[in-house]
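The lines below spell out each chain.
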Amino acid sequence: MIPEVEKTHMASFTGFHMFYGEPSKEVISFMQVQGIENMREYITAKGWNKITEIAQQLWGGKTCEITTIDGYIMKVWNKGEN
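Now for a description of the structure that goes with this document. Here the structure is a predicted model, which means the values were calculated and not measured.

### Thoughts on the overall build of the protein
Link 1 in the chain: Counting secondary structure elements, the protein contains two helices and four strands.
Link 2 in the chain: Written out in order from the N terminus, the α and β elements of the protein read α-β-α-β-β-β.
Link 3 in the chain: The buried share of the protein, reckoned over its 82 residues, is 24%.
Link 4 in the chain: Long-range contacts, defined as pairs at least 24 residues apart, comprise 42% of the intrachain contacts of the protein with a sequence gap of at least 6.
Link 5 in the chain: Counting every atom, the protein has about 6700 Å² of accessible surface; 57% of that belongs to carbon and sulfur.

### A short note on helix α2 (residues 36-45)
Link 1 in the chain: Those residues of α2 lying buried are I36, M39, R40 and I43. Down the axis, α2 shows its buried residues gathered within 95 degrees of arc, on one side only. Turned more than 90 degrees away from the buried face of α2 sit N38, E41, Y42 and A45, all of them exposed.
Link 2 in the chain: Next to the buried residues of α2 lie β3 (62-67) and β4 (73-78).

### So, the environment of A55
Link 1 in the chain: Checked against the element boundaries, A55 lands in strand β2 (residues 55-56).
Link 2 in the chain: A relative accessible area of 30% means that A55 is categorised as partly exposed.
Link 3 in the chain: Sequence separation between A55 and W77 is 22 residues; the distance between their C-alpha atoms is 9.4 Å.
Link 4 in the chain: Sequence-distant contacts of A55, that is, excluding residues within four places in its chain, are made with G61, K62 and T63.

Basis of the calculations
Residues numbered from 1 in each chain as written. Predicted model: local features only at pLDDT ≥ 70, side-chain atom pairs only at ≥ 80, totals over all residues. Heavy atoms only, no water. Helix = DSSP H or I, 4+ residues; strand = E, 2+ residues; numbered from the N terminus. Buried < 20%, exposed > 50% of the residue type's maximum accessible area, 1.4 Å probe, protein only. Contact = heavy atoms within 4.5 Å. Areas by Shrake-Rupley, 256 points an atom, 1.4 Å probe, with all protein chains shown as cover. Arc of directions from axis to C-beta.

See the structure below:
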C-alpha cells in the first residue's frame, strides 16, 4: 500500500524515523492499514500483547493502538465498509 501523501505527491514517504532521548510515551503515528483484524491477529500471534482491541468508531472506521517496545503509541485505522 502506498501512503496517501505519496499517492498525491504531497510528500514523499521517507520511512520510519528514530528519535534521540527518552521516549515521551505519546502517540507518534496515525496510520491507515488494510485488514486491521488480520494485522492484530498477526501481531498477537507473534507474542506482542500491547495492542488494544479493535474499536468501531462513530465515523465508520475501525481503530486500535499498538504500544512499541519503548512506550510510544502507534494508532492504526481501517476504512469502514460502505
